[in-house]
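As a plain string of letters, each chain reads:
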Amino acid sequence: MDMEYIEVKDLKRKYKMGKDIVVGALQGVSFTLKEGSFTSIVGSSGSGKSTLLNILGGLDWEYTGGIYIEGKNIKEYEPNYYRRYIVGTVFQQFYLIPSLTVEENILLPIKFQGKRERDINERLEYLLKKVGLEDRRKHLPKELSGGQAQRVAIARALIDSPKIVLADEPTGNLDSKTGESILNLLEELNESEDITILLVTHDMQVAKYTPEVITLVDGKNV
Amino acid sequence: MVRMFEYAISLVLRRKFRTVLTSLGIMIAVMLMTFILFGMTDLKTVLLSEITTRFNPQDLYISGQDNMSFGGMAMAPSKDEKKKESKILTEDIKQEIEEIEGVTSVEPLLFIDGLEIYLENDPVAYPIKMIAASDLKGSHHIFKEFYGEKEELGMYEMYVSKYVVSFFESTQEDIIGKKVLAKSSSTGSFFASSSKSMIDKEYEFTIVGVVDTANDAFWISNDTALEILVDLGGFENSSDYLSNIGYFQLYMTTQEGKTKEIEKYIDEEMGLFVISSDAILSLVDTFTAGLTVALIIFGSISALVAAIGIINTMIMSIYEQTKEIGIIKAIGASNTQVLVIYLIQSMLIGLLGGVLGLIVSFSIMKLSDPIVVDMLSSEGFVQIEEFFHFQPLNATIITLCSILIGTLAGIYPSMKAARLDPVKALRHE
């Protein structure tokens, strides 16, 4: 439990903004996280939070430095395998497929792997119960409130039982009461599922929910 | 794979109207291809059946000159092929052929061209200025059907074809016994130049039978034809005509199994032009195959246009679904899986177009079949009850081709989708 589960070493990411302009979005971020930890990454706009989350989520591989999970460099994974089984990501805008029902959205990651439906049904039922959407399973995203949509996104991120869940401003599009219920849900999942949660936010009130906080300023952690 | 297929179907069904509109392009191409492939196959079957019923495999046609390929119009010979010199089909040649072992009969054919042909009391001339002559009986299989009492033609007696009966708006019963007038014309005809000896000539025939032949509308006996040809050409007598001009063709039958051997002998040893049923069948084969290829090339242009339509729609879909592609990539879809999902979509559009095209084509074919059968029957094709037939092999080929077109058209858009950067795709508005 106390071993260093995630190790981020001197992470740098540069973007070319024009012919000669290079912007360093991350300029040497380093930190470690323990297994089953619940951590916030806070920072103002432009601090590099989203860039860090894209890299940790396996969406961006153009970085230097290293990310190690249980001592293994994530570059050793196939990108899609990493995104499927190692991390689950929850986005601020939920990113649900409008034409799919709650149940189908949660099961969407399964479409891209070989797991049998009956093997996953138990997990689906468990997650629907956990996020409190059992009676909404056949509803379309447009029939859901913001909080319910975010719960669907959380269930989708957890369907493959990833070791790590990344949440990008998960309460950013929600009112404070709904946001609070989402944070409570994440906290509960952190404990019951024993997953490592890394939450990115600009809101210090949100960061207070997590026992650990990493602050980013101008692409560096302070 | 099944789940990706389901997902691709859900994407296609999400845009039903656009999918149907896009598949219309393929549908039109498939309809064209269906009409071409099915129509040509059916046409070939009809032609072959017509030929095999009119010509026995043991029949051979002999000519002294290369008039077998419609004067070179159907198959223009090369200089090398044209080495053979023209010969006059004289009585001696006819006898020589009769003496070949395995020859059962030799019937000379003559041809009168360039006379205006009228039915008595009718001022309108028949459009074709040709009279064929032979001593074949009315019951001979070359005529297919015969109506009349006289099975052998006497002097200045004539059989007319069903065409003539319908042209002169008469019936088989009424036309028998009527007179036919053949008058010389100063204009000659398409096939025969006019000559001085043709001026003011007029011959009268009595119709004694109606036959079913596709092209030759009037038949008279060889003796009658020779008398007219001698008169028209200014010859002394029929021997003079036959030794200088000769028979137009010799129609011969052979014993079974001897046809090839005799054909070869007449061609190589006697230096005459000979055509067999096989050669006619192969000419039909070549003709229909060539026409099919030419039409398929035209049809392919519409397939190309349809493919461009699919590419356009798929690119538009991918633009609209950019964020969704970002989402599925973010939750673990690989580039290959995205590629496959979009290829399945374009393949489905192709399949839909193919199936719709086949259904519409067959409906049109079934509805128009009686009209086509009527038209062919009125052109002298007698063996037809149904023209269009469902051909499972061609239908399968067409469907597979439409799926292939859809898939090929989807390659570029699918690769574009697969290569999308998930971060940029998620930011797409």
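Quick look at the structure, then. (Residues numbered from 1 in each chain as written. Chains lettered and ligands numbered in written order. Predicted model: local features only at pLDDT ≥ 70, side-chain atom pairs only at ≥ 80, totals over all residues. Heavy atoms only, no water.)

With that settled, the discussion passes to the interface of chain B and chain A. Each partner contributes residues to the interface: chain B has 22 residues there, and chain A has 23 residues. Interface of chain B and chain A: buried area, both sides summed, is about 2,000 Å²; carbon and sulfur atoms make up 62% of it. Taken together, the connections running from chain B to chain A amount to zero salt bridges. If you look at where chain B meets chain A, you find five residue pairs in polar contact (both at pLDDT 80 or more). Elements with a contribution of two residues or more to the side of chain B that touches chain A: helix H1 (2–14), helix H10 (322–330), helix H11 (335–378) and helix H13 (422–427) of chain B. Broken down by element, the side of chain B that touches chain A gets its largest block of residues, six residues, from H10 of chain B. Taken together, the residues of the side of chain B that touches chain A sort by class into 11 nonpolar, three polar and eight charged. (Contact = heavy atoms within 4.5 Å. Buried area = accessible area lost by both parts, 1.4 Å probe. Salt bridge = Lys/Arg side-chain N within 4 Å of Asp/Glu carboxyl O. Polar contact = N/O pair within 3.5 Å; in protein donor to acceptor, adjacent residues only side chain to side chain. Helix = DSSP H or I, 4+ residues; strand = E, 2+ residues; numbered from the N terminus. Nonpolar A, V, L, I, M, F, W, Y, C, P; charged D, E, K, R; others polar.)

Moving on, we get to the pattern of salt bridges. Tallying each qualifying case throughout the model produces 20 salt bridges over all chains. Taking the shortest distance from any N to any O, the salt bridge between Glu125 of chain A and Arg137 of chain A comes out at 2.6 Å. In this pair, Glu125 of chain A is assigned in helix H4 (residues 117–130) and Arg137 of chain A in the loop between H4 and helix H5 (146–158), connecting sequence segments 12 residues apart. When its relative accessible area of 34% is taken as the criterion, Glu125 of chain A is described as partly exposed. A salt bridge links Lys137 of chain B to Glu152 of chain B; the nearest nitrogen and oxygen atoms lie 3.9 Å apart. Here Glu152 of chain B lies in the loop between strand S5 (146–148) and strand S6 (157–161) and Lys137 of chain B lies in the loop between strand S4 (130–133) and S5, a separation of 15 residues in the sequence. A relative accessible area of 42% places Lys137 of chain B in the partly exposed class. (Buried < 20%, exposed > 50% of the residue type's maximum accessible area, 1.4 Å probe, protein only.)

Attention now goes to the nonpolar core. Leu108 and Phe112 of chain A together with Tyr7, Ile328, Val338, Ile341 and Tyr342 of chain B are the most contacted members of the largest nonpolar core, which has 69 residues in total. Counting residues per element, the ones that place at least two in this core are H1, helix H2 (16–54), strand S8 (202–211), helix H9 (277–320), H10, H11, helix H12 (392–418) and H13 of chain B. Per element, the largest residue contribution to this core is 12 residues, and it comes from H11 of chain B. No fewer than three residues from each of domain 1 (2–53 + 283–427) and domain 2 (106–249) of chain B sit in this core. One finds Val103, Phe218, Leu232 and Leu250 of chain B within the second-largest nonpolar core, a separate group that totals 48 residues. (Core = buried A, V, L, I, M, F, W, Y, C linked by side-chain atoms within 4.5 Å. Domains from an automatic or database assignment.)

Residues and elements named next belong to chain A. If you trace the six strands from one edge of the open sheet to the other, you get S6-S7-S8-S3-S9-S10, paired in mixed fashion. Two strands close off the open sheet at either side, each with one partner strand: strand S6 (87–90) and strand S10 (220–221). Bridge count between strand S7 (residues 164–168) and strand S8 (residues 196–201): five bridges; the pairing is parallel. Residue pairing for S8: Val165 is matched across the bridge by Ile197. Against the sheet, H5 contacts S6 and S7, and its axis sits at roughly 170° relative to S6. Against the sheet, helix H6 (residues 176–192) makes contact with strand S3 (38–42), S7 and S8, and its axis sits at roughly 155° relative to S8, the strand it touches most. (Pairing = 2+ DSSP bridges. Axes fitted to C-alpha atoms, helices over the stretch in contact; angles between N-to-C directions.)

In this section: the packing of aromatic side chains. In this description, a pair of aromatic rings is defined by centroid distance and the angle of the planes. Counting across every chain of the model gives 17 aromatic pairs over all chains. Aromatic side chains Tyr81 of chain A and Tyr85 of chain A sit 4.8 Å apart centroid to centroid with 50° between the ring planes, which places their arrangement in the tilted category. Taken together, the positions of Tyr81 of chain A and Tyr85 of chain A, both in helix H2 (residues 79–86) and four residues apart, correspond to about one turn of that helix. On the accessibility criterion, Tyr81 of chain A (38% relative accessible area) is partly exposed. Note on Tyr85 of chain A: relative accessible area 24%, which makes it partly exposed. Judged by centre distance (6.2 Å) and plane angle (40°), the rings of Tyr126 of chain B and Phe168 of chain B are tilted. Placement of Tyr126 of chain B in the loop between strand S3 (115–119) and S4 and of Phe168 of chain B in the loop between helix H4 (162–167) and helix H5 (172–175) is noted, with a sequence separation of 42 residues between them. Each member of the pair Tyr126 of chain B and Phe168 of chain B is classed as buried. Taken together, the aromatic side chains of Trp61, Tyr77, Tyr81, Tyr82 and Tyr85 of chain A make up a single cluster linked through ring pairs. The side chain of Lys75 of chain A reaches across the aromatic face of Tyr63 of chain A, ending 4.3 Å from its centre. (Phe/Tyr/Trp six-rings, centres within 6.5 Å; stacked < 30°, edge-to-face > 60°. Lys NZ or Arg CZ within 6 Å of the ring centre and 35° of its normal.)

Residue and element names in this part refer to chain A. What the four strands build is an open sheet, ordered S2-S1-S4-S5; its pairing is antiparallel. Strands with a single pairing partner mark the edges of an open sheet, and in this sheet they are strand S2 (22–34) and strand S5 (72–73). By the bridge criterion, two bridges tie strand S4 (residues 64–69) to S5 in an arrangement that is antiparallel. Looking across to S5, one finds that Tyr68 is bridged to Asn73.

All we've got here are geometric facts, nothing functional implied.
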